[in-house]
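Read off the chains here:
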Amino acid sequence: MIGTGLEREVTRRSGVALWRQIADQIRQAIGTGTLGADGRLPPELALSERFGVNRHTVRSAIAALVQEGVLRAEQGRGTFVETRRRLAYPIAARTRFSEGLEGQARDRRSNLLSHAIEPATSRVAEALDLPQGAPVLRLETMGEADGRPVSRATSFFHANHFAGFENAFAQSGSITAALQEFGVSDYVRRSTLVSARHADSADLADLRLSPGAIVLVTVAINETLDGSPLQFSETRFAADRVELSVSGQA
């Protein structure tokens, strides 16, 4: 027996590739500490015999997990569990990306991927207290820690109040710093909803994840100190790299 975390059989003709099923089991077993406690993954031959698949299928599963940063392969030595600890990201009354990861990563930055002005959907309009169809600025951003992507966010702002906000953000790499340029010196978290799901194709590519990877999702509203809605966002965190710590004041 090569690990108590690898007890499920893979299912053929299930619509889910065998390598993906194996990668999911390995990822979950590592996460629960039932596999790789000694830092080393069992040999490919042992894994292929355990799952009843060829070694090429096992290699595909391992390659996907190496890409995610869960494993690392060393030529001539084998495959090892990547020992970097998950980042603890606090969800609190004042939630800030860079400050939240202070002391855990030397280089913390957010990058602007794209932006657009578009009519507010009913969901966005309700969150920002706007009429449906009112113009909003949508920002697509990526959060990185020490060069590794950890989060992917979609944020909305009142377009008429924040004309040119995307430029301020692109220059500073910080929502907080960009807001200060528009006269918002402080803001707080009104609400946060947390869930989890499989990463979609866009998040797989942007976060450099393999199919089957899980993302933690926060849907949040930030507001000014007088209670006016300021920002509505959905952020996806790579679950293998980040854990969320929710305070009672979030």
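An unreviewed UniProt entry annotates the chain as GntR family transcriptional regulator of Mesorhizobium alhagi CCNWXJ12-2.

Let us look at helix α6 (residues 165–172). Restricting attention to buried positions, one finds in α6 the residues Phe165, Glu166, Ala168 and Phe169. Mapping the buried residues of α6 onto a view down its axis gives an arc of 160 degrees, with all of them on the same face. Here the buried face of α6 lies against β4 (108–119), β5 (135–145), β6 (148–158) and α7 (175–181). Downstream of α6 by a residue or two, Gly173 has a phi angle that is positive, lying close to 70 degrees.

Right, let's get into the side chain of Arg96. Inspection of the secondary structure puts Arg96 in the loop between β3 (87–91) and α4 (97–100). Within polar-contact distance, the side chain of Arg96 engages the backbone oxygen of Tyr187 at 2.8 Å.

The next thing to look at is the packing of helix α2 (residues 44–51) against helix α3 (residues 55–68). Two elements in contact, α2 and α3, have axes whose closest approach is 9 Å; the angle formed by their N-to-C orientations is 110 degrees. As far as their axial angle goes, α3 and α2 are roughly perpendicular. Residues Glu44, Leu45, Leu47 and Ser48 of α2 form the contact with α3, whose own contacting residues are Arg55, Val58, Arg59 and Ile62. Residues of the contact of α2 with α3, tallied by class, amount to four nonpolar, one polar and three charged.

This part is about the pairing of strand β2 (residues 78–81). Judged from the four bridges that link them, strand β1 (residues 71–74) and β2 form a sheet pairing that is antiparallel. Paired with Arg72 across the bridge in β2 is Phe80. With antiparallel pairing between neighbouring strands as the criterion, β1 and β2 make up a hairpin whose turn holds three residues, including Gly76 at a positive phi of roughly 80 degrees.

Here we come to the environment of Arg108. Relative to the helices and strands, Arg108 is located in strand β4. Along the backbone, Arg108 and Phe97 are 11 residues apart, and their C-alpha atoms lie at a distance of 8.0 Å. What Arg108 contacts, discounting residues up to four positions off in sequence, is Phe97, Ser98, Leu101, Glu102 and Glu144. Of note is the side chain of Arg108, whose polar atom sits 2.8 Å from the backbone oxygen of Ser98. Side-chain polar atoms of Arg108 contact the backbone oxygen of Ala105, separated by 2.7 Å.

Two numbers describe a pair of packed helices, the interaxial angle and the distance between the axes. Look at helix α1 (residues 18–32) against α3: their axes get within 8 Å of each other, and the N-to-C directions meet at 55 degrees. As the angle between them shows, α1 and α3 are arranged oblique. Where α1 crosses over α3, the handedness of that crossing is right-handed. On α3, the residues touching Leu18, Trp19, Ile22, Ala23, Ile26 and Arg27 of α1 are Thr57, Ser60, Ala61, Ala64, Leu65 and Glu68. For the contact of α1 with α3, the per-class residue count stands at eight nonpolar, two polar and two charged.

In this section: the pattern of salt bridges. Following the criterion strictly, the structure yields 18 salt bridges and no others. Close ionic contact of Arg27 with Asp240 constitutes a salt bridge, the shortest N to O distance being 3.4 Å. Of this pair, Arg27 sits in helix α1 while Asp240 sits in the loop between β9 (229–238) and β10 (242–246), placing them 213 residues apart in sequence. For Asp240, a relative accessible area of 25% translates into the label partly exposed. Between Arg236 and Glu234 there is a salt bridge, with its nearest N and O atoms 3.5 Å apart. You can call Arg236 buried: its relative accessible area is 6%. The exposure class assigned to Glu234 is partly exposed, which follows from its relative accessible area of 23%. A network of salt bridges, in which partner residues are shared, links Glu118, Arg138, Glu140, Arg152 and Asp206.

Rules used throughout
- Residues numbered from 1 in each chain as written.
- Predicted model: local features only at pLDDT ≥ 70, side-chain atom pairs only at ≥ 80, totals over all residues.
- Heavy atoms only, no water.
- Buried < 20%, exposed > 50% of the residue type's maximum accessible area, 1.4 Å probe, protein only.
- Helix = DSSP H or I, 4+ residues; strand = E, 2+ residues; numbered from the N terminus.
- Arc of directions from axis to C-beta.
- Contact = heavy atoms within 4.5 Å.
- Polar contact = N/O pair within 3.5 Å; in protein donor to acceptor, adjacent residues only side chain to side chain.
- Axes fitted to C-alpha atoms, helices over the stretch in contact; angles between N-to-C directions.
- Parallel < 35°, antiparallel > 145°, perpendicular 65-115°, else oblique.
- Nonpolar A, V, L, I, M, F, W, Y, C, P; charged D, E, K, R; others polar.
- Pairing = 2+ DSSP bridges.
- Left-handed = near helix turned anticlockwise from the far one by under 90°.
- Salt bridge = Lys/Arg side-chain N within 4 Å of Asp/Glu carboxyl O.

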